[in-house]
Amino acid sequence: MNNFDTLEKLLYANSDNRIIPGLERISRLLRRMNDPQNSFKSVHIVGTNGKGSTGAFISSVLSASGYRTGFYSSPHLESPGERLLIDGKELSADEWLEAVNFAVSVKGEIVPSYFELLTAGAFELARRAGIEAGVIEAGLGGKLDATNTMSNTACSVIASISIDHTEYLGPTLESIAGEKFAVVRENVPAVFSGFDESLVPMFLEACREKGALPFIVSKDARTGNVRVTPGGNTFDFYSPELELKDLRTGLIGEYQVKNAALALSAISRLRGVFPKISESSIREGMISAKWPGRLEIVSKKPLIILDGGHNLDGVKNLCRSVLELWPERNFAVVYAAMKDKDYVGNLAEISATLKPGLYATCVPGMTRSATPDELLEAAGNFDWRNVPEGFATPDEAVRKAIDDGNDSVLICGSLYMTGWVKRMNVIQFCVNTTQEVQ
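Residues numbered from 1 in each chain as written. Predicted model: local features only at pLDDT ≥ 70, side-chain atom pairs only at ≥ 80, totals over all residues. Heavy atoms only, no water.

K.L.:
Lay out the sheet that holds strand β4 (residues 89-90) with the relevant residues and their values.
P.N.:
Strand pairing in a sheet takes place through backbone hydrogen bonds and is either antiparallel or parallel in direction. The strand order β4-β3-β2-β5-β1-β6-β7-β8 describes an open sheet built from eight strands, whose pairing is mixed. Strand pairing shows two members of the sheet lacking a second neighbour, β4 and β8 (213-216), which therefore form its edges. Looking at chain direction, strand β2 (residues 69-72) and strand β3 (residues 84-86) are connected through three bridges and run antiparallel. Bridge pairing in β3 places G70 opposite I86. In the packing of helix α8 (residues 200-210) onto the sheet, contacts are made with β6 (153-158), β7 (189-192) and β8, and the angle to β8 comes to roughly 160°. (Pairing = 2+ DSSP bridges. Helix = DSSP H or I, 4+ residues; strand = E, 2+ residues; numbered from the N terminus. Contact = heavy atoms within 4.5 Å. Axes fitted to C-alpha atoms, helices over the stretch in contact; angles between N-to-C directions.)

K.L.:
Which residues make up the packing of aromatic side chains, and what values do they have?
P.N.:
In this structure the tally under the stated criterion is 10 aromatic pairs. Look at Y12 and Y114: their rings are 4.8 Å apart centre to centre, the planes differ by 35°, and that puts the pair in the tilted class. Within this pair, whereas Y12 is found in helix α1 (residues 3-13), its partner Y114 is found in helix α5 (residues 114-128), the two being separated by 102 residues in sequence. Taking the relative accessible area as the measure of exposure, Y114 reaches 7% and is therefore buried. (Phe/Tyr/Trp six-rings, centres within 6.5 Å; stacked < 30°, edge-to-face > 60°. Buried < 20%, exposed > 50% of the residue type's maximum accessible area, 1.4 Å probe, protein only.)

K.L.:
Describe a negative patch on the surface, naming the residues involved and giving the relevant values.
P.N.:
Judged by side-chain charge, E174, D196, E197 and D313 come together as a negatively charged surface patch. Structurally, E197 can be placed in the loop between β7 and α8. Owing to a relative accessible area of 52%, E197 belongs among the exposed residues under this scheme. (Patch = residues over 30% accessible without salt bridge, like charges linked within 9 Å, V, L, I, M, F, W, Y side chains within 5 Å. Areas by Shrake-Rupley, 256 points an atom, 1.4 Å probe, with all protein chains shown as cover. Salt bridge = Lys/Arg side-chain N within 4 Å of Asp/Glu carboxyl O. Lys, Arg positive; Asp, Glu negative; His and termini not counted. Charge placed at Lys NZ, Arg CZ, Asp CG, Glu CD.)

K.L.:
Which residues make up the pairing of strand β10 (residues 232-238), and what values go with them?
P.N.:
Within β10, seven of the seven residues are buried, which leaves the element mostly enclosed by the surrounding structure. Neither face of β10 is exposed, since G232, T234, D236 and Y238 on one face and N233, F235 and F237 on the opposite face are all buried. When strand β9 (residues 222-229) meets β10, the two strands line up antiparallel, connected through six bridges. Following the sheet pairing, T223 is matched in β10 by F237. Between the end of β9 and the start of β10, which pair antiparallel, lie two residues. Looking at chain direction, β10 and strand β11 (residues 243-249) are connected through five bridges and run antiparallel. Note on β11: the bridge partner recorded for F235 is L247.

K.L.:
An account of helix α16 (residues 415-423) is requested, with residue identities and associated values reported.
P.N.:
Along α16, the positions that sit buried rather than exposed are L415, M417, T418, G419, W420 and V421. Against β13 (303-307), β14 (332-335), α15 (394-403) and β17 (408-412) lie the buried residues of α16. Capping of α16 at its N-terminal end is provided by S414; its side-chain oxygen lies 3.0 Å from the backbone amide nitrogen of Y416. (Polar contact = N/O pair within 3.5 Å; in protein donor to acceptor, adjacent residues only side chain to side chain.)

K.L.:
So what's going on with the nonpolar core? Which residues, and what values?
P.N.:
Counting 69 residues, the largest nonpolar core has I58, L264, I282, Y335 and L410 as its most contacted members. No other element matches helix α10 (residues 254-270), which puts 10 residues into this core. Leaving out residues up to four positions away in the same chain, Y335 has contacts with Y343, N346, L347, I350, L358, Y359, A360, T361, L375, C412, G413 and M417. The next biggest cluster of nonpolar side chains, apart from the first, holds 35 residues, and it includes L10, I26, W96 and A146. (Core = buried A, V, L, I, M, F, W, Y, C linked by side-chain atoms within 4.5 Å.)

K.L.:
Mind laying out the pairing of strand β5 (residues 133-137), listing which residues take part and the relevant values?
P.N.:
Regular strands have side chains that alternate between both faces of the sheet. Of all five residues in β5, five are buried; the element is thus mostly enclosed. Residues of β5 alternate between two faces, with A133, V135 and E137 on one and G134 and I136 on the opposite face, all of them buried. Two strands pair when backbone bridges link them, and strand β1 (residues 41-46) and β5 are joined in this way by five bridges, in the parallel orientation. Bridging from a neighbouring strand, I45 pairs with E137 of β5. Looking at chain direction, β2 and β5 are connected through four bridges and run parallel. Of the residues in β5, the one forming a bridge with Y72 is I136.

Structure (structure tokens):
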């Protein structure tokens, strides 16, 4: 057993995910830890899609500007150590164990959720690392999320909002948005992507009530001269405070230009708090930002792409980007999904947009995962290049997709599957991974 396994055991032994999300428990726990979440200036990021990429851009720019930066995100793909990066680097399992053990030692009668306890440990690690800037991604929603305990927030960032996690956030777009807009702070910049546009009046009203300083990217900023390639994106960015020509990012896909615009809009409002941000550090940070498991090319021959998008808006973004980047390729799709996700809608979108072959699978050992048979039943309503097949594990599905002669494979539908594929080194079945994308 490695120390990250020990950390997982410690977290599960001292938490309970059956409890209703709320701030009272985590706030009491953090007070007993002397409020490590307030030891640094923070950028708080909420939203449905694009939070992680936006956070990766912002944290990379802050690091490139000379600030010691912590980036907290979720979920992890391979181990909990991925969730907190200090200037782009993971901390050791031993450091995590020390921080979480400290939280456990002072929690007393408090029974936090897994995410609350993990977040408390991450805040303690950030304090011990002496970070100056924290880029903190909410785990779920915003209003009751464990990350909404920070009182030293320099900017609130709201990525695009769509239907997801309805069992916790409510059944409508408005109920979900209300949970996310609740994080805005008095006299603090609040930057909203503007997607879904119908939510803009609600955002402005939330800012008015809280006294936050609103900025709407879709209305107040724009991009131009956009060039999207498998090697990266290039575009111009224009806003009242910041103009940049020929800006490059390593994160690929048309939707990453929108995430980059959101990040840049936030960065322009952070310059008063972090004055070392410069044009050169912005350019350096944007090109060096990394975000695994999102339109990630893991093999070049055959072309194999990993993506963890699991809701309909995320899948639409993925399909559009794949079609734009590789219009001449015929893809095989290896697909898995959680039972509580709209996999029927996702499969409909994948079928209509990419017209691929389908290889249905599941995440081994995860009871939340829909079975291959359930996916095949849903897939029977749509058109595919092959007769869809089901497989007990993702590696069997990938191997069959390649053996069938497909030169392009998209592995998608769940971040949990993305993590499993990475942990189990599924791409070992591929060869010549350093060759150029055709």
